[in-house]
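The chain contents come next:
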Amino acid sequence: MEWIGLAVLAWAAGVLSAVTGFGGAAILLPVLVSRLGVREAVVALTIAQLCGNLSRVWFNRRWIDGHVVRSFTVGAVPAAIVGSLLFAAAPLGMLTVVLGAVLVLMVVTRRLLRCNYPRLRARGFVGLGAATGIISAIVGTSGPLAAPFFLGCGLIRGSYIGTEAATAGILHLVKSFVYGATSVMAPQAIGVGLWLGAALWIGAYFGKRIVDRLPAHLFVALVELALIASGIR
């Protein structure tokens, strides 16, 4: 029953991630930590998210912005390697507070000033990739941090979901290799991650059908609601 419950939870996380581009980790991580402990939970979540992001890449492959993905990857890959080596010892308290406040303020400021999210050039996405890579490796996920910048580039619906998933998938792949090389990838964590990854894939299929039917303004509003919820949490 516990495995079935985890699968149902992962399915819901997959639907949410397929609609907003992130949020699945926020649902799964607390449960995994309570069952596996922090270290194995981060590893299991990494494997599950790798599967989930690959599913969103596949379902939105025609709309992925390759230029953004390449620029993001240049900064993300080395940063993810460094962050993966440091994640067990990093102080997370202040980082968590700062990230949450930034997410909420970005959405609120945009609404109050009626402006767009920041539009980054290629170099900007290299820097964003570096920051996201370190944070993702340390706390398990960083999707909400990058989301406003993808929106700022005019990415919407399938292009937003697919591009975000491609960058996140690269991060999780790098982290998986480093976790394996440093012997922190326990068999139990691998098994749980693959089980949850299969459920995330199914959830992504249903979420894709929802995204295709959403008006552009409603899609952005849903992403912003998810950003605020993630920031507050």
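Since we're looking at a predicted model, the values are computed, not measured. (Residues numbered from 1 in each chain as written. Predicted model: local features only at pLDDT ≥ 70, side-chain atom pairs only at ≥ 80, totals over all residues. Heavy atoms only, no water.)

Got a sec to walk through the overall build of the protein? Specific residues and values, please.
Within the protein, the secondary structure is distributed over ten helices and zero strands. Each helix and strand of the protein, ordered N terminal to C terminal, gives the series α-α-α-α-α-α-α-α-α-α. Residues classed as buried in the protein amount to 50% of the 233 residues present. When contacts within the protein are restricted to residue pairs at least 6 apart in sequence, those whose partners lie at least 24 apart make up 84%. Approximately 10900 Å² of the protein is accessible, and the part contributed by carbon and sulfur atoms is 70%. (Helix = DSSP H or I, 4+ residues; strand = E, 2+ residues; numbered from the N terminus. Buried < 20%, exposed > 50% of the residue type's maximum accessible area, 1.4 Å probe, protein only. Contact = heavy atoms within 4.5 Å. Areas by Shrake-Rupley, 256 points an atom, 1.4 Å probe, with all protein chains shown as cover.)

So what's going on with helix α8 (residues 157-181)? Which residues, and what values?
In this model, α8 (25 residues) spans 36 Å end to end at C-alpha, consistent with the 36 Å of a helix rising 1.5 Å per residue. When you tally the buried positions in α8, you get 19 out of 25 residues, the bulk of the element. (Expected span 1.5 Å × (residues − 1).)

Describe unusual backbone geometry, naming the residues involved and giving the relevant values.
Excluding glycine, residues mostly carry a negative phi; peptide bonds, for their part, are mostly trans. Unlike most non-glycine residues, Arg157 shows phi in positive territory, near 50 degrees. Looking at where Arg157 falls in the secondary structure, it is placed in helix α8.

Would you mind going over helix α4 (residues 66-86) in detail, with residue names and values included?
Given a rise of 1.5 Å per residue, 21 residues ought to cover 30 Å, and the 30 Å separating the end C-alpha atoms of α4 matches this to within 8%. Of all the bends in α4, the greatest measures close to 35 degrees and is centred on Thr73. Residues of α4 that are buried: Val68, Val69, Ser71, Phe72, Thr73, Gly75, Ala76, Ala79, Ala80, Gly83 and Ser84. (Bend = angle between axes of the 7 residues up to and from the residue.)

Break down empty space enclosed by the protein for me, citing the residues and quoting the values.
Summed over the entire model, instances satisfying the criterion amount to one cavity of 30 Å³ or more. The computed volume of the largest cavity comes to approximately 230 Å³. Along its surface, the largest cavity is lined by 26 residues, and Gln49, Asn53, Arg56, Ala168 and His172 are the ones closest to its centre. Mapped onto the lining of the largest cavity, the elements with two or more residues apiece are α2 (24-36), α3 (38-59), α6 (122-139), α7 (143-152) and α8. (1 Å grid on protein atoms, 1.4 Å probe; cavity = no way out; pocket = protein on both sides within 12 Å on 5 of 7 lines; lining within 4 Å. Points joined across faces, edges and corners; volume = space filled by probe spheres on them.)

I'd like to hear about a nonpolar patch on the surface, residue by residue, with values.
Taken together, the side chains of Trp11, Ile202, Tyr205 and Phe206 define a hydrophobic patch exposed on the protein surface, amounting to about 400 Å² of accessible area. Of the residues forming the nonpolar patch, the biggest block, three residues, is contributed by helix α9 (residues 187-211). Residue position: Phe206 is located in helix α9. Taking relative accessible area as the criterion, Phe206 reaches 40% and is therefore assigned partly exposed. (Patch = residues over 30% accessible without salt bridge, like charges linked within 9 Å, V, L, I, M, F, W, Y side chains within 5 Å. Salt bridge = Lys/Arg side-chain N within 4 Å of Asp/Glu carboxyl O.)

Go over the environment of Leu9, please, and point to the residues and values.
Along the polypeptide, Leu9 turns up in helix α1 (residues 2-20). Taking C-alpha positions, Leu9 is 9.5 Å from Val31, a pair spaced 22 residues apart along the chain. Each residue touching Leu9, except ones within four places of it in the same chain, is listed here: Ile27, Leu28 and Val31.

Run through the side chain of Thr163, naming residues and quoting values.
Relative to the helices and strands, Thr163 is located in helix α8. With relative accessibility at 0%, the residue Thr163 sits in the buried group. Beyond its immediate chain neighbours, meaning those up to four positions away, Thr163 contacts Trp63, Ile64, Asp65, Val68, Val69, Phe150, Leu155 and Gly158.

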